Each structure stands twice: as C-alpha cells, then as structure tokens.
Amino acid sequence: AWNLAYLGFYERTGLRLGDTWNATIAVPAAGQDGRADTAAGLVGAETDIGRGALLTSTLIANYYGLRDIGLEPPTTNVAASPWQYNYTDNNGAVHALRVAFKFNLAGNYNYMFIDNLPGELGIALDTMVDGEAGAAAGDFLAVNAADATLASWPIATTVGGARWRMQF
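Peer 1: I'd like a rundown of the overall build of the chain, residues and numbers included.
Peer 2: A tally of regular secondary structure across the chain gives 3 helices and 7 strands. The 168 residues of the chain split such that 45% are buried. For the chain, the computed accessible surface area is about 8,300 Å², with 55% contributed by carbon and sulfur atoms.

Written out as structure tokens, the structure is:
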C-alpha cells in the first residue's frame, strides 16, 4: 500500500513522497531535490517526525504530505502511526515494521526502507516483488539494521530490513 501511496503522490504532484530536504544547495534546507529523506534533513536514521511528514506538511515548510493533496495513508493495525505495522511471525513474536523513504546516493535511486523485518517476511515480499528471493538482486533488497545491503536473507525469525526501489 505504501508503494501505491508513493506512486499516487508522484502522479498528483510530480514530487517524491518523503523528499523533505534539499541537500543539493550550498546550505541544506527544507525543500525538494528529488531525493527522498524521511530523516527530515537530519544525518542518520529516519525519525518519526520525518515519517509524520509523509502524512502532512505541518512540520516542514514548502512541502506536501499525502493528506495535503487529498490522499490518505495506507491503513494499518497501528492507528496512531500509519507508517508502522505490527507483524506476528510464525513463532508468535510481534515485530513493529516501520516504513520510511530514503535515497541511495551510490545507486542514484529512491527507495522505501522497511525496518524490523523478519527474514521469513522478507523472503516472501522479495519473491512477490522480484519473482525470486534474491536478497542482493532486483528491486527488493535485504539490509541490516544500519541499512547496509546483505548477501542473503537472515534466518526466518532474525530481524533485518529491506530496501524497495521506487522507480517510475
């Protein structure tokens, strides 16, 4: 559903959802540069403030969120945080998956970052997106908690993350 929200946002605005910061100017500031950055312009990990900006622009000037252009965020089982989904694995453990949008400078692409993703779900999603569970190839990639790519999916219940390349 977040993939569709990202595409719908682009269709309506011509901008990338989560692109809240312009790092290409001399003094980085709020604004768009085509690079998704849910960290709200901060260096390092994405923040819930940045994730909140996916919904509305109240925290960031010169930016629109989904609700600002008439789109609702995807429905989830965590009403207060639509960017989060609580997933129960096959052992009964609950994992709080969270979505953010980021930019890969080396590969020059925007992607959806999903953290706290158990290996079993990563393999299933990779197979649906890419047609096979190739953790290091295709548009759906396995990553560790630091968002560095992995050569293979972690064992079924080990938590990692994923990058899902957002392309047009």
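And the narrative resumes.
Peer 1: Now, about unusual backbone geometry: what can you tell me, with residues and values included?
Peer 2: Despite not being glycine, Asn-108 has its phi angle at roughly 55°, a positive value. With respect to the element layout, Asn-108 can be found in the loop between strand E4 (94–104) and strand E5 (109–118). The exposure class of Asn-108 is exposed, given its relative accessible area of 59%. For Asn-116, which is not glycine, the phi torsion reads 60° and is therefore positive. Within the secondary structure layout, Asn-116 lies in strand E5. Residue Asn-116 is classed as partly exposed on the basis of its relative accessible area, which comes to 28%.

Peer 1: Let's hear about the pattern of salt bridges: which residues, and what values?
Peer 2: Pairs can form between side chains of opposite charge whenever their charged atoms are close. According to the stated counting rule, one finds 6 salt bridges in the structure shown. Linking Glu-72 and Arg-67 is a salt bridge whose minimum nitrogen-to-oxygen distance equals 3.3 Å. Glu-72 sits in the exposed class, given a relative accessible area of 57%. Between Arg-165 and Asp-139 there is a salt bridge, with the nearest N and O atoms lying 3.4 Å from each other. Linking Arg-165 in strand E7 (residues 159–166) with Asp-139 in the loop between helix H3 (119–130) and strand E6 (140–143), this pair joins segments that are 26 residues apart in sequence. Linked by salt bridges that have partners in common, Arg-51, Arg-98 and Asp-115 make up one network.

Peer 1: Talk me through the pairing of E4; I want residue IDs and the actual numbers.
Peer 2: Most of E4 is tucked away: 8 of the 11 residues are buried. Both strand E3 (residues 84–88) and E4 contribute to a ladder of 5 bridges, which runs antiparallel. Residue pairing in the sheet places Thr-88 in a bridge with Val-94 of E4. Where E3 hands over to E4, the hairpin turn is made up of 5 residues, of which Gly-92 adopts a positive phi near 90°. In this sheet, E5 lies alongside E4 in antiparallel orientation, the contact comprising 7 bridges. Within E5, the position partnered with Arg-98 by the bridge is Asp-115. Count of turn residues in the E4/E5 antiparallel hairpin: 4 residues, of which Asn-108 carries a positive phi of about 55°.

Peer 1: How would you explain the sheet that holds E3 if you had to name every residue and give the values?
Peer 2: Spatially, the 5 strands line up as an open sheet ordered E3-E4-E5-E7-E6, and their pairing is antiparallel. Strands at the two margins of the open sheet, each flanked by one partner only, are E3 and E6. Each strand of the sheet is rotated relative to its neighbour by a mean of 30°, with strand direction disregarded. Each of E3, E4, E5, E6 and E7 is contacted by H3, which is oriented at about 145° to E5, the strand it contacts most.

Peer 1: Any details on the nonpolar core? Residues and values, ideally.
Peer 2: Most often, soluble globular proteins have nonpolar side chains that are buried together. Of all hydrophobic cores here, the largest spans 28 residues; its most connected members are Trp-2, Leu-17, Leu-66, Phe-101, Met-112, Leu-117 and Trp-153. Of all the elements, helix H1 (residues 2–13) adds the most residues to this core, at 4 residues. Those residues in contact with Trp-153, other than ones at most four positions away along the chain, are Leu-117, Gly-122, Ile-123, Asp-126, Ala-133, Ala-135, Phe-140, Leu-141, Ala-142, Gly-161 and Ala-162. Residues Tyr-109, Tyr-111, Phe-113 and Leu-141 belong to the second largest nonpolar core, which totals 5 residues.

Calculation criteria
- Residues numbered from 1 in each chain as written.
- Predicted model: local features only at pLDDT ≥ 70, side-chain atom pairs only at ≥ 80, totals over all residues.
- Heavy atoms only, no water.
- Helix = DSSP H or I, 4+ residues; strand = E, 2+ residues; numbered from the N terminus.
- Buried < 20%, exposed > 50% of the residue type's maximum accessible area, 1.4 Å probe, protein only.
- Areas by Shrake-Rupley, 256 points an atom, 1.4 Å probe, with all protein chains shown as cover.
- Salt bridge = Lys/Arg side-chain N within 4 Å of Asp/Glu carboxyl O.
- Pairing = 2+ DSSP bridges.
- Axes fitted to C-alpha atoms, helices over the stretch in contact; angles between N-to-C directions.
- Contact = heavy atoms within 4.5 Å.
- Core = buried A, V, L, I, M, F, W, Y, C linked by side-chain atoms within 4.5 Å.

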